[in-house]
Amino acid sequence: MQNNDKHLIRKLTPLNVWSLAFGCVIGWSAFVMPGSLFLKSAGPMGTLIAVEIAALVMLIISYNYSYMIQKFPMAGGEFIYAKHAFGNIHGFLCAWFLSLSYLSVIPLNATALNLIMRAVIRDAFEFGFHYVIAGYDVYFGEMLLAIGSLTFFAIVNSWGVEFTGKIQTFMVMILLGGIVIVMAGVIFDPSVTAMNLMPMFHPETPNFSHGIAAQITAVLVTAPQSFVGFDTVPQLIEEADFPTDRLKVVMDTSIICGGLVYIVLTMIACAVFPAVYTSWFAYVEALPRLKYIEAIPTLNAASMVMGRFGLFCIVASVIAAMLTGIVGFYMATSRLLYSMARDKMIPSWFGHLNKHGVPTHAGIFCMTTAGITALLGRAVLGWVFDMASIGAAIGFAYTSISASKYAMEEKRIDIVIFGVMGFIFSLGMAMLLLVPIPGLHVSMNGESYILLVIWIAIGSVFYYRKTLKHV
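Residues numbered from 1 in each chain as written. Predicted model: local features only at pLDDT ≥ 70, side-chain atom pairs only at ≥ 80, totals over all residues. Heavy atoms only, no water.

Chemist: Where do I start with the packing of aromatic side chains in this structure?
Modeler: Each aromatic ring pair is characterised by the separation of its centres together with the angle its planes make. In the structure shown here, the tally under the stated rule is 23 aromatic pairs. The interplanar angle of 80° and the centroid separation of 5.3 Å between the aromatic rings of phenylalanine 350 and phenylalanine 365 together place this pair among those described as edge-to-face. Separated by 15 residues along the polypeptide, phenylalanine 350 in the loop between helix 11 (297–342) and helix 12 (360–374) and phenylalanine 365 in helix 12 bring together distant segments of the chain. On the basis of relative accessible area, phenylalanine 350 is assigned to the buried category, the value being 11%. Residue classification places phenylalanine 365 among the partly exposed residues on the basis of a relative accessible area of 30%. Every member of this aromatic cluster is reached through a ring pair, and the members are Tyr65, Phe72, Tyr81, Phe230, Phe396 and Tyr406. (Phe/Tyr/Trp six-rings, centres within 6.5 Å; stacked < 30°, edge-to-face > 60°. Helix = DSSP H or I, 4+ residues; strand = E, 2+ residues; numbered from the N terminus. Buried < 20%, exposed > 50% of the residue type's maximum accessible area, 1.4 Å probe, protein only.)

Chemist: Mind showing me how you'd approach the pattern of salt bridges here?
Modeler: Pairing is possible between side chains of opposite charge, provided their charged atoms come close. If you walk through the whole model with that rule in mind, you get ten salt bridges. Between lysine 71 and glutamate 410 there is a salt bridge; the shortest N-O distance is 2.7 Å. Of this pair, lysine 71 sits in helix 2 (residues 29–71) while glutamate 410 sits in helix 13 (residues 378–410), placing them 339 residues apart in sequence. Look at lysine 71 and you get partly exposed, because its relative accessible area is 30%. Residue arginine 118 pairs with glutamate 142 through a salt bridge whose shortest N-O separation is 2.7 Å. Linking arginine 118 in helix 4 (residues 88–120) with glutamate 142 in helix 5 (residues 140–158), this pair joins segments that are 24 residues apart in sequence. One exposure class covers both arginine 118 and glutamate 142, and it is buried. Counted as one network, the salt bridges with shared partners bring together Arg118, Glu126 and Glu142. (Salt bridge = Lys/Arg side-chain N within 4 Å of Asp/Glu carboxyl O.)

Chemist: What's the story with the pairing of strand 2 (residues 136–139) in this structure? I'm lost.
Modeler: The two faces of a sheet get side chains in turn, since along a regular strand they alternate between them. Bridge analysis of strand 1 (residues 130–133) against strand 2 gives four bridges, and the strand direction is antiparallel. If you follow histidine 130 over to strand 2, its bridge partner there is tyrosine 139. Taking the residues that link successive antiparallel strands as the turn, the strand 1-strand 2 hairpin has two residues, and the phi of alanine 134 there is positive, at about 55°. (Pairing = 2+ DSSP bridges.)

Chemist: What should I look at first to understand helix 1 (residues 14–25) in this one?
Modeler: An α-helix turns once every 3.6 residues. As a result, residues three or four positions apart point the same way. Along its twelve residues, helix 1 runs 17 Å from first to last C-alpha, staying within 8% of the 16 Å computed at 1.5 Å per residue. Within helix 1, ten of the twelve residues are buried, leaving the element largely enclosed by the surrounding structure. Among the residues of helix 1, those classed as buried are Asn16, Val17, Trp18, Ser19, Leu20, Ala21, Phe22, Gly23, Cys24 and Val25. (Expected span 1.5 Å × (residues − 1).)

Chemist: Can you walk me through the layout of surface pockets in this structure?
Modeler: Think of a ball as big as a water molecule: rolled over the atoms, this probe shows where empty space is left. Its boundaries defined by the atoms lining it, the second largest pocket holds a volume of some 480 Å³. Around the second largest pocket, the lining comprises 22 residues; the ones closest to its centre are Leu100, Leu103, Phe365, Thr369 and Trp455. Secondary-structure elements contributing two or more residues to the lining of the second largest pocket are helix 4, helix 11, helix 12, helix 13 and helix 15 (446–466). Broken down by element, the lining of the second largest pocket gets its largest block of residues, six residues, from helix 4. (1 Å grid on protein atoms, 1.4 Å probe; cavity = no way out; pocket = protein on both sides within 12 Å on 5 of 7 lines; lining within 4 Å. Points joined across faces, edges and corners; volume = space filled by probe spheres on them.)

Chemist: I keep staring at the packing of helix 1 against helix 6 (residues 161–187) and nothing clicks. Help me out?
Modeler: The relative placement of two packed helices is expressed as an angle between their axes plus a distance between the axes. Where helix 1 meets helix 6, the axes come as close as 8 Å, and the angle between the chain directions of the two elements is 60°. The pairing of helix 1 with helix 6 is recorded here as oblique in orientation. Considering the relative orientation of helix 1 and helix 6, their crossing is left-handed. For the pair formed by helix 1 and helix 6, the contact residues are Leu15, Asn16, Trp18, Ser19, Leu20, Phe22 and Gly23 on the first element and Gly165, Lys166, Gln168, Thr169, Val172, Met173, Leu175 and Leu176 on the second. Classifying every residue of the contact of helix 1 with helix 6 by side-chain character gives eight nonpolar, six polar and one charged. (Axes fitted to C-alpha atoms, helices over the stretch in contact; angles between N-to-C directions. Parallel < 35°, antiparallel > 145°, perpendicular 65-115°, else oblique. Left-handed = near helix turned anticlockwise from the far one by under 90°. Contact = heavy atoms within 4.5 Å. Nonpolar A, V, L, I, M, F, W, Y, C, P; charged D, E, K, R; others polar.)

All we've got here are geometric facts, nothing functional implied.
Here it is, written out as structure tokens:
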């Protein structure tokens, strides 16, 4: 290890850690998924039920995390748990997929800045050379914006965890403030009534024995990618300047608040729609043909109800969500890589700490990788993010089964039960994403399978060339 006289510095308050976790849970996707996935899959009631079930399951998994945190209070989280419970190979496997899950969110949030610019100020950044990948137009101006944001926040992260924690907390306040203002505007708008939420489920599949259950499952299967972020808390444990037993409350409240935000944004999206459509269903069906603000129901609702002020509030909230995702996952990924380097699973270069106790080499790797993938466009990033959901599910599964293993030795029946429940759910979500089921359209697309095989192959080569000698 390099700089073995340095260490991670304890400077984060409970609010800082909560902001980092919540900011990772709520990113750009929380504002677009109501129109692009939730409503078109399950309607408002199906989404409400699915998000509540998902949040409940995540609270169970959080219980397993809090147990493992007490046993292993060190950066690395799931990697450390799997390694100590089942050995080096399992530790590396868990970390390899989890790092993919964390890393993929960074360029997705950075390039989402381009999408919000296209929606609000249209073609302002569509300048310079231009190319197309998988049907998506990539412009020099938009890539400049994305890579500029990645570079800027990589620098911010290098200035120390205390400063980064304050920046993250400030941006989370903006994120929540914008949502609360728009929610109030929708609630008190006299033109918005409960009838706007009808039909409660997607009208094309009314049969509960198959249709409604399938609708709920279609949203529920997104739980790993929707709630990934609360699990970044263990990565920051060596920088938290408060007792570890308070971290359970931090994780639980980030999950609960995240679930509430998903529900609120979905209700906003279906409660307000242009007058030319008879219902939210008709509006959502027309979204692929629409452009700019109208193509994003949450933004359109804010604009319709509160005019420019409402649009300003929701756009500020969206941008804050993107930036908190970049900052939070920069921190989580770099700490995971630092932990792996400390345990000699990857080259010691990743374990370098600067004078502020920040793993800057790992941060540089994150910035470079995110920048390169951002150049591939949103379509390719979507394929990566699809398979990254597998990575989140694997992290949840390893933590849950590790907790169950240790709890059996200590005769902690509650942890054993929750560990098995968390493992079954996580494994089930991964299988639904991997195995196509007729009539249930929730599995990954073909390109994601190819990328998954490539990622596994790269990991296998990396492990056996760089790590086997240390086993």
